[in-house]
Amino acid sequence: MSPSIQPAPRRILSALKVLIVDDSPHMLAILKRVLTDMNIRDLITAKDNESGLALLRKIHPDFAFVDWTVKPEGGSHFVRAVRTLEDAELARTPLIMMAAQANVMRVKDARDAGINAFLAKPASVQAIMSRVLWVLSDARPFIESERYVGPDRRMRSQEHEGNERRQAPLVPPPTKARASRYATR
């Protein structure tokens, strides 16, 4: 347990419901241990996309971890299925994609599928905690267009001149400082 997490946030974390869609017993054990140490007790697991979607509809989790290689179609398929659900609240469920090979192609594919955060495996306790705190405090607007549904993919401010400047505030990527700021609230 990180010393930066104070009692009040631990009470908040204890009320969370988390879905983990992964068929690896080893990764499930790691995630369960870290989340339990964060005082998150309501952990539900699924071993494939179909059961993951069924559980998502049933339990309405606060966020979910999804493995890149989850059977049968992969984690990106699961993310796209969630993002296109008719229930708008469920479609906006924060999703953390996990992958053993975190190459640029996979990160971009996961981002374009509509994830909120990406986590490379093997993940450290600090990395898992950082992503959890990140998705809980992520304030990016949710975008729904013909080609993309998910959180705003822009993570940094870019200068733009012209009449079509977007006005939505951008959110910085997760950092240790940001995670610890949230944890001390």
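Scroll up a little and you will see the structure.
Everything in this summary refers to the structure shown in the same document. (Residues numbered from 1 in each chain as written. Predicted model: local features only at pLDDT ≥ 70, side-chain atom pairs only at ≥ 80, totals over all residues. Heavy atoms only, no water.)

In spatial order, the strands read S2-S1-S3-S4-S5; together these 5 strands make up an open sheet with parallel pairing. On the outer flanks of this sheet lie strand S2 (42-46) and strand S5 (117-120), each paired with one strand and no other. Neighbouring strand axes in the sheet, compared pairwise and without regard to direction, differ in orientation by 20 degrees on average. Note that strand S1 (residues 17-21) and strand S3 (residues 63-67) share 4 bridges and pair parallel. Counted as the bridge partner of leucine 19 is alanine 64 from S3. Along the sheet, helix H4 (residues 75-83) makes contact with S1, S3 and strand S4 (95-99), crossing S4 at roughly 170 degrees. (Pairing = 2+ DSSP bridges. Helix = DSSP H or I, 4+ residues; strand = E, 2+ residues; numbered from the N terminus. Axes fitted to C-alpha atoms, helices over the stretch in contact; angles between N-to-C directions. Contact = heavy atoms within 4.5 Å.)

Next up on the list: H4. Extensive coverage of H4 is indicated by the burial of 7 of its 9 residues. Taken residue by residue, H4 has Gly75, Ser76, Phe78, Val79, Ala81, Val82 and Arg83 as its buried positions. (Buried < 20%, exposed > 50% of the residue type's maximum accessible area, 1.4 Å probe, protein only.)

What follows is about the pattern of salt bridges. Proximity of charged atoms lets side chains of opposite charge pair with each other. Using the criterion set out here, one finds 7 salt bridges in the structure. As a salt-bridge pair, aspartate 37 and arginine 33 come within 3.2 Å of each other at their nearest N and O atoms. With aspartate 37 and arginine 33 both in helix H2 (residues 25-37) and 4 residues apart, the pair spans about one turn of that helix. Since its relative accessible area comes to 55%, arginine 33 is described here as exposed. A salt bridge links arginine 111 to aspartate 112; the shortest N-O distance between them is 2.9 Å. Of the residues examined, arginine 111 reaches a relative accessible area of 34% and is grouped as partly exposed. (Salt bridge = Lys/Arg side-chain N within 4 Å of Asp/Glu carboxyl O.)

A word on the packing of aromatic side chains. Applying the stated criterion to the full structure yields 1 aromatic pair. Each ring, one from phenylalanine 63 and one from phenylalanine 65, has its centre 5.9 Å from the other, and the planes form 70 degrees; the classification is edge-to-face. The pair formed by phenylalanine 63 and phenylalanine 65 is uniform in burial state, with each residue classed as buried. (Phe/Tyr/Trp six-rings, centres within 6.5 Å; stacked < 30°, edge-to-face > 60°.)

Below, the discussion takes up unusual backbone geometry. In this structure, the amide linkage connecting lysine 71 to the following residue, proline 72, adopts the cis form with an omega of -5 degrees. The omega torsion across lysine 121 and proline 122 is -5 degrees, close enough to zero to call that bond cis. With respect to the element layout, proline 122 can be found in the loop between S5 and helix H7 (125-137). One non-glycine residue, asparagine 39, lies in positive phi territory at about 80 degrees. Looking at the secondary structure, you find asparagine 39 in the loop between H2 and S2. The exposure class assigned to asparagine 39 is buried, which follows from its relative accessible area of 13%. A positive phi angle, close to 50 degrees, is found at histidine 60, a residue other than glycine. In this fold, histidine 60 is placed in the loop between helix H3 (49-59) and S3.

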